[in-house]
Amino acid sequence: MKKLWQKNNKKLDPVVEAFETKGDLLMDQKLIEYDILASIAHVKTLNKLFLIGIISEPELKKLLKGFEEILNLYKKGEFDLKIGDEDMHTKIENYITEKYGDIGKKIHTGRSRNDQVLTAIRLYSKNALESIELELTNLTKSFKGFSKEYGYIQMAGYTHMQKAMPSSIGLWAGSFIDSLENDLTLLKIVYKLNNQSPLGSGAGYGVPIKLDREYSAKLLGFTRVQQNPLYCQNSRGKIEASIIAALISVLQTINKFASDVLLFTTSEFSFFKATGKITTGSSIMPQKKNVDLAELLRSKVHLVLGNYIQMVSLSSNLISGYNRDLQDSKKPLIESLEITLETLMVTKILLENLTPNKEKLEAAMTEDLFATEEVLKQVLKGETFRDAYKQVGKKYLKGGDTNEKDD
Ligand code: ARG
């Protein structure tokens, strides 16, 4: 396929071409829809300039038909990018030009692949973040339901992994509800940061025709125009890093929940039972029932943290403006958004397949958990806290169930 930048018949070395585009085409395949939406907004903006005759009304109609066709082909899985296509921008422009002739040659007026790719990524992220917010809200609701049903059941509370104070399923589940609500606040902040339109900023230095950037931003559903064209480019990787940071916060919440589930479903604890829908077995040990789903949920924060590091390092040490290193930032972003969405959906399934084992939970409510309460009862009777603390403490150190080694 002819490249947009090709000025003669000289061909790129095929090994170089594959190296430059192979991985990126896989990412562009996921972004195509958004690149088309951005192209539609761009040609409509050019049409607004029709007095100077860039794109007339009948031409606009034909172009919109062409873009619609590509969208339909894409949805049917018939618009697949292959090595040689260069990228989604090239394939789309070439399709329109081959099918509709010269009007295809007009669509790149006043834009660059640099602002195109930024716009497609922002639109993709907007959509993905909306789905993530929805799934996060669904998971929060599941925790609320879980708490409503089982919240009254007492549960031992731990510090340093040792029994500490009385707690309850309500307190435990509530901690994840609060954590998810905080994560939602962060997601909304990065959503806002991402919700600015880079379209019309060109290669990074604006374009010498008066494009109505407010208009294209509005058509695409952005709340504002990202004004400084150079910063549009410089924010590539930065906004993505903020998004990934918010995703890490979500995955941290899930990591803690998963760790708790893994401990509390061991045969030693048996605080919760997991149904056969979410457990797997061992190929050699016939007795095994593994809640390895929780392990795979727990691991995700580490994968996404790796993506965060990739994102921050890829976008650092570059001079202002577009640098092609940034092409490699698509993968860590897209992968992180996909991982987080799936993780939220699957965590909900895990939660819905857990049942508290009331007997075991109540049996774990041993007297030592109430030691601090005993101290405070004596304080209310007039003792100093420290004296009461020592007195109660003696009772538990003496022959009590303690992990302290006799000297
Ligand atoms: N694939 C490129 C990227 O993701 C698109 C922009 C290319 N721009 C350029 N000047 N070569 O960054």
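Conventions used here
- Residues numbered from 1 in each chain as written.
- Predicted model: local features only at pLDDT ≥ 70, side-chain atom pairs only at ≥ 80, totals over all residues.
- Heavy atoms only, no water.
- Helix = DSSP H or I, 4+ residues; strand = E, 2+ residues; numbered from the N terminus.
- Rg over C-alpha atoms; globule rule 2.2 N^0.38 Å.
- Buried < 20%, exposed > 50% of the residue type's maximum accessible area, 1.4 Å probe, protein only.
- Contact = heavy atoms within 4.5 Å.
- Areas by Shrake-Rupley, 256 points an atom, 1.4 Å probe, with all protein chains shown as cover.
- Lys, Arg positive; Asp, Glu negative; His and termini not counted.
- Charge placed at Lys NZ, Arg CZ, Asp CG, Glu CD.
- Phe/Tyr/Trp six-rings, centres within 6.5 Å; stacked < 30°, edge-to-face > 60°.
- Axes fitted to C-alpha atoms, helices over the stretch in contact; angles between N-to-C directions.
- Parallel < 35°, antiparallel > 145°, perpendicular 65-115°, else oblique.
- Left-handed = near helix turned anticlockwise from the far one by under 90°.
- Nonpolar A, V, L, I, M, F, W, Y, C, P; charged D, E, K, R; others polar.
- Near = heavy atom within 4 Å.
- Polar contact = N/O pair within 3.5 Å; in protein donor to acceptor, adjacent residues only side chain to side chain.
- Core = buried A, V, L, I, M, F, W, Y, C linked by side-chain atoms within 4.5 Å.
- Salt bridge = Lys/Arg side-chain N within 4 Å of Asp/Glu carboxyl O.

Visitor: Kindly report on the overall build of the chain, identifying the contributing residues and their values.
Guide: Each helix and strand counted, the chain has 14 helices and six strands in total. Against the 2.2 N^0.38 benchmark of 22 Å for 407 residues, the chain shows a C-alpha radius of gyration of 29 Å, more extended than a compact globule. Its C-alpha atoms give the chain principal-axis dimensions of about 90 × 55 × 40 Å. Buried positions account for 48% of the 407 residues belonging to the chain. Taking as baseline every contact in the chain between residues at least 6 positions apart, the subset at least 24 positions apart corresponds to 78%. Total accessible area on the chain stands at roughly 21700 Å², and carbon and sulfur atoms take up 56% of it. In the chain, 56 positive and 52 negative side-chain charges are present, and the distance between their average locations comes to 4 Å.

Visitor: Can you lay out the packing of aromatic side chains for me, pointing to particular residues and giving the numbers?
Guide: Scanning all chains against the criterion turns up 18 aromatic pairs. With a centroid separation of 5.9 Å and an interplanar angle of 75°, the aromatic rings of F79 and Y95 are classed as edge-to-face. You can see F79 sitting in the loop between α2 (57-75) and α3 (88-100) and its partner Y95 sitting in helix α3, a full 16 residues away along the chain. Judged by its relative accessible area of 3%, F79 falls in the buried class. Owing to a relative accessible area of 19%, Y95 belongs among the buried residues under this scheme.

Visitor: Report on the packing of helix α13 (residues 371-380) against helix α14 (residues 385-397), specifying residues and quantitative values.
Guide: One can describe the packing of α13 onto α14 by two numbers: an axis separation of 9 Å at closest approach and a directional angle of 140°. On the basis of their axis angle, the class for α13 and α14 is oblique. Regarding α13 and α14, the two cross each other, and that crossing is right-handed. Within the contact between the two elements, α13 uses A371, E374, V375, L376, Q378 and V379 and α14 uses F385, A388, Y389, Q391, V392, K395 and Y396. Residue composition of the contact of α13 with α14, grouped by class: nine nonpolar, two polar and two charged.

Visitor: Give a detailed account of the site of the ligand, specifying residues and quantitative values.
Guide: Around the ligand, the neighbouring residues are D24, R113, N114, V117, R236, Y322, Q327 and K330. Between the ligand and N114 there is a distance of 2.9 Å, counted from a nitrogen atom to a side-chain nitrogen or oxygen. Taking K330, its side chain carries an N or O atom lying 3.0 Å from an oxygen atom of the ligand. Relative to its unbound accessible area of 340 Å², the ligand is 85% covered by the protein chains. Broken down by element, the residue count for the shell around the ligand peaks at three residues, all from helix α4 (residues 113-150).

Visitor: Before we move on, could you go through the nonpolar core and cite the residues and values that matter?
Guide: F67, F143, F146, F257, F272, L337 and L350 are the most contacted members of the largest nonpolar core, which has 96 residues in total. Considering each element in turn, this core owes the most residues, 15 residues, to helix α8 (residues 238-264). Once you skip the residues sitting within four places of it in the chain, F67 turns out to touch I36, S39, I40, V43, I92, I96 and I107. Judged by nonpolar contacts, the second largest core, of five residues, contains V375, A388, V392 and Y396.

Visitor: Provide a residue-level description of the side chain of D183, including the pertinent values.
Guide: With respect to the helices, strands and loops of the structure, D183 is situated in helix α5 (residues 169-194). The buried charged residue D183 lacks any salt bridge partner; its closest oppositely charged side chain belongs to K256, at an N-O distance of 12 Å.

None of the figures reported here should be taken as evidence of function without further support.
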